[in-house]
Amino acid sequence: MTPGSNFDDRLRDWLEDGPTDAPHEVLDTVLAAVPSIPQRRGAWRTPWRVSPMFGFARVLAGIAIAVGLGTALFFVLRPTPGGVGGEASPSPSAAIVAPPTATESEAATAPTPSPAATAAAPCDLANLEARITLWEGAAGHRIANVELTNTGFEACVIQAKLRPQLVDGNRSILIDGAAPAAPNPLLAVAPGGVLKTLVQDGNYCGPAPVAPVSVAFVLADGSHVLAAPVSPTDATVPPCLGSGFKADIEMQPWAP
């Protein structure tokens, strides 16, 4: 048996089995057989032609085809990141996020309007009692500390600011204030509840007032609440700063 026949037989068996790569024995045989294969030269300047090397060329071609097919099948049949069927999982940047919604606990803890402020009726003038607890002076002004009490048996509502007036014992208006500007919310006053405010007036240049001097409040319906004076003889008014200055009076919002 010649070396070539042994090599051809092993090569033929390998090609018929159709493996995807060459066994080590075949490669060893091919490499060992290459130096012993006789070669011949053609005419002058004719490149070397390998006639007895036809079997080896078949080996190389078979290896190249097998490797190429194996590579192609690997890329076609390999699993994709998306799972079965080659469907890629959606990118995080393409995900649609639903807007957050309020949970039942958040809805339960949400603030609700006070029943007293929404259902109570306006305060009845007959159930409101005001009084001046103290007069203070500050830089040409007088400041009255006033308390307002709900003497009724039901809660009622009153505007946070009212129109203030400085009046004397004859109910004459000494200084008239301006109507309150918006916003002017309603405040709920429980039965027996008390609200407090400060009323500041200044620059009274009129005639001497009749005692006692006090503060009145004009309600939304035009009625008046007159605060009881500090004393029946109190006739003190703010000093006159000059006829070129306008008299003024204003109040801070009612507060508990």
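Quick caveat, the model's predicted, so the values are computed rather than measured.

Draft legend 1. Spatial organisation of the confidence of the model for the protein chain. When pLDDT is averaged across the protein chain, the result is 73; 54% of the residues are at 70 or more. No element of the protein chain has a lower mean pLDDT than helix H4 (residues 104-109), at 44, and none a higher one than strand E5 (residues 163-167), at 98. In the predicted structure, residues 82-115 sits below a pLDDT of 50 and forms eight contacts with residues beyond four places in sequence or in another chain.

Draft legend 2. Representation of the state of the cysteines. Tallied over the entire structure, the rule returns two disulfides. Between the sulfur atoms of Cys-123 and its disulfide partner Cys-156 the distance amounts to 2.0 Å. For the disulfide bridge between Cys-123 and Cys-156, the dihedral angle about the S-S bond is near 80 degrees, and by the sign convention the bridge is right-handed. On the criterion of sequence distance, the pair formed by Cys-123 in the loop between strand E1 (121-122) and strand E2 (128-138) and Cys-156 in strand E4 (residues 156-159) is long-range, its members being 33 residues apart. Note on Cys-123: relative accessible area 12%, which makes it buried. Between the sulfur atoms of Cys-205 and its disulfide partner Cys-240 the distance amounts to 1.8 Å.

Rules behind the numbers
- The written sequence of each chain sets the order in which its residues are numbered from 1.
- pLDDT decides what is reported in this predicted model: residues at 70 or higher carry local features, side-chain atom pairs at 80 or more are listed and counted, and totals for whole chains, interfaces and linings draw on all residues regardless.
- By convention in this description, side-chain values take in all heavy atoms of the structure and omit both hydrogens and water.
- Values of pLDDT, the confidence the predictor places in each residue, fall between 0 and 100.
- Helical segments are the DSSP runs of H or I of at least four residues, strand segments are the runs of E of at least two, and each set is numbered from the N terminus.
- In what follows, residue pairs with any heavy atoms lying within 4.5 Å of each other are defined as contacts.
- For the purposes of this analysis, a disulfide is any pair of cysteine sulfur atoms at a distance within 2.5 Å.
- Whether a residue is buried, partly exposed or exposed follows from its accessible area with a 1.4 Å probe, protein chains only, as a fraction of its type maximum: under 20%, in between, or over 50%, in that order.

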